[in-house]
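Residues per chain, in single letters:
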Amino acid sequence: MKLLIFILFVTVSQPSFAQELRIGLLYSLKVKRVSINLHQGNYSVIGDSTDLGKLSSMIVDITGKNVKVSFNGTYKTFEKIIVIQDTVNSALNVKALSPTSKQHYYRDNLEISSDGSRLRVVNLVDMDNYLSGVVESEGGGGRHIEYYKVQALMSRTYALKNEHRHKKDGFQLCDGVHCQAYHNMLRHTPKIMNAVKATVGKVLVDQSNYLVASYFSANCGGQICDAAHVWNTSVSYVETFIDTFCIYTPQATWTKSIDKSKWESFLKTNYGVTEEKYGDKIYNFKQQQRSAFYIHPSLGVPMRDLRVKFYLKSTYFDTCLEGSQVVLNGRGFGHGVGLCQEGAMNMAKLGYDYTQIARFYFYNVDIIDSNQNNFFDQGVSLE
Ligand SMILES: [Zn+2]
Ligand SMILES: [Zn+2]
């Protein structure tokens, strides 16, 4: 009976607007062993078609293409374990044991199987419960509700646009920054859940009614960056412009020193840019506005290559030589494309509502109700 209810739940709830999502948990950890414990409410555990009883706690191990469950003192092997809530608002604790992870908290249902080399732990979760976890993970605690609303709008748009991103893995989105962070460390606040509810179904679309690629980064450093700077692809709704809302915030500036020899070696080895040829110029650079290339495009050194090589917070930095060190004075944190989170937090504090914040960071966009539009075939991924 439970299995039948579960099948009905999945079958009925999946197709139309994808309000129930399949989120792959702890996937990047390549988990072999996981513990699952009841947090609140009631759950039943089903192994293939066998009802194993009520959940209090259990351990699941991978064994080839199957999973082995330790439950109520017995060990049994199944193709798939389903943990299904018997009452609404039930919640579970999940903790990887090999390798180990922190304990995470999830609402709704769980499905555990093997992909042959690791456990595939999937949270079958209501969209709004998922978004509460994402907004908490991406935005942190203690923010203004209008900021949480705009983050919920962005994250919902992202989820719908990228819902096929992990199709080959057997779920829709992963819980890491590859998709959207969904850490669920039990810091949900009523304010976050209220923000998700207040924007329920709302998504950001362009003038052709296509879901926007809802880029965001921690701090743009005072200038929003065109997507072409970062991914060699332009979109009509992201333009370069000055953002004064983030320039006095915590991550507005940074500095870093790098050995001159390492800097020169990188430029020389990869791009043939040497001190003999260009002199000290290769250590001294000022960006009045965001540049895609270091010093001059003719040198062929992309700023993003420097960021990756030297683990820099952003590509928006000046350089100068001080003794044996190249000193970098940088602005911002992240790629700087789309919504600037610290700028958005500041706008919210200053009294702007979430629609005004979204329209400040994205050009010529509309906020519409996803339940009145079918976005099912718009799944596009930026790998
Ligand atoms: Zn992912
Ligand atoms: Zn900014």
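Sequence positions are assigned chain by chain, starting from 1 and proceeding in written order. As they are written, the chains are lettered A onward and the ligands numbered 1 onward, keeping that order. Whole-chain, interface and lining totals are the exception, using all residues; otherwise, since this is a predicted model, local features are given only for residues with pLDDT of at least 70 and side-chain atom pairs are given and counted only at 80 or more.

Trainee: How should the overall build of the chain be read in this particular structure?
Mentor: Every helix listed is a DSSP run of H or I at least four residues long, and every strand listed is a run of E at least two residues long, numbered separately from the N terminus. Helix and strand content of the chain: 10 helices and 22 strands. Sorting the 383 residues of the chain into buried and exposed places 42% on the buried side. Any two residues are considered in contact once their C-beta atoms, placed from the backbone, lie within 7 Å. Of the contacts formed within the chain by residues at least 6 apart in sequence, a portion of 68% connects residues at least 24 apart. Counting other C-beta atoms within 10 Å of a residue's C-beta gives its exposure: the residue is buried at 20 or more, exposed at 12 or fewer, and partly exposed in between, where C-beta atoms are placed from the backbone.

Trainee: In this structure, what is going on with the domain arrangement of the chain? I would like to understand it.
Mentor: Quite often, the size of an interface is put as the accessible area lost when its parts meet. Domain boundaries assigned for the chain yield domain 1 (2-127) and domain 2 (253-331). Domain segmentation is taken from an automatic or database assignment of domains. For domain 1 versus domain 2, the separation of C-alpha centres amounts to 48 Å.

Trainee: Got a minute to help me understand the sheet that holds strand β6 (residues 66-71) in this structure?
Mentor: Each strand in a sheet pairs with its neighbour through backbone hydrogen bonds, running either in the same direction (parallel) or in the opposite one (antiparallel). One open sheet accounts for 6 strands, arranged β7-β6-β5-β2-β9-β10; its pairing is antiparallel. Each having just a single partner strand, β7 (74-78) and β10 (104-107) make up the two edges of the open sheet. Here the average twist between neighbouring strands, direction ignored, is 25°. Whether two strands pair depends on DSSP finding at least two bridges between them. Two elements, strand β2 (residues 33-40) and strand β9 (residues 91-98), share 7 bridges in a ladder whose sense is antiparallel. Note that in β9 the partner of valine 34 across the bridge is alanine 96. Axes here mean lines fitted to C-alpha atoms, for a helix over just the part in contact, with angles spanning 0 to 180 degrees between N-to-C directions.

Trainee: Please clarify how the packing of helix α3 (residues 145-161) against helix α9 (residues 341-349) should be interpreted in this entry.
Mentor: For any two helices packed against each other, one specifies the inter-axial angle together with the distance between the axes. Put simply, α3 and α9 touch, their axes get as near as 7 Å, and they point 135° apart. Comparing the axis directions of α3 and α9 gives the class oblique. By crossing handedness, the relation of α3 to α9 is classed as right-handed. Facing Glu146, Tyr147 and Val150 of α3, the residues of α9 in contact are Ala344, Met345 and Ala348. Roughly parallel covers angles under 35 degrees, roughly antiparallel covers those over 145, roughly perpendicular covers 65 to 115, and oblique covers all other angles. Handedness of a crossing follows from how the near helix is turned relative to the far one, being left-handed for an anticlockwise turn of less than a right angle and right-handed for a clockwise one.

Trainee: Quick question: what am I supposed to make of the pairing of β2 here?
Mentor: The side chains of a regular strand alternate, first on one face of the sheet and then on the other. In this sheet, strand β5 (residues 57-63) lies alongside β2 in antiparallel orientation, the contact comprising 5 bridges. Its bridge partner lying in β5, asparagine 37 is registered against serine 57.

Trainee: Whenever I open this one, the environment of methionine 303 confuses me. Can you help?
Mentor: Here methionine 303 lies in helix α8 (residues 303-309). Judged by the 21 C-beta atoms lying within 10 Å of it, methionine 303 is buried. Once the C-alpha coordinates of methionine 303 and alanine 195 are considered, the two residues, 108 residues apart in sequence, prove to be 37 Å apart. In this view, methionine 303 contacts Ser291, Ala292, Phe293, Tyr294 and Thr315; residues no more than four positions away in its chain are not counted.

Trainee: In this structure, what is going on with the nonpolar core? I would like to understand it.
Mentor: Where a protein is soluble and globular, its nonpolar side chains tend to be buried together. By our criterion, buried Ala, Val, Leu, Ile, Met, Phe, Trp, Tyr and Cys residues that link up through C-beta atoms within 7 Å make up a nonpolar core. Among the nonpolar cores identified, the biggest contains 86 residues, and Val83 and Val121 are the most heavily contacted of them. Sorting elements by how many residues they give to this core places α3 first, with 9 residues. Leaving out residues up to four positions away in the same chain, valine 121 has contacts with Leu25, Leu26, Val31, Val34, Val94, Leu110 and Ile112.

Trainee: Could you clarify how one ought to interpret the pairing of strand β19 (residues 317-322) in this entry?
Mentor: Both β19 and strand β20 (residues 325-331) contribute to a ladder of 6 bridges, which runs antiparallel. Its bridge partner lying in β20, glutamate 322 is registered against glutamine 325. Following β19, the chain reverses through 2 residues before pairing antiparallel with β20; glycine 323 in that reversal takes a positive phi of roughly 65°.

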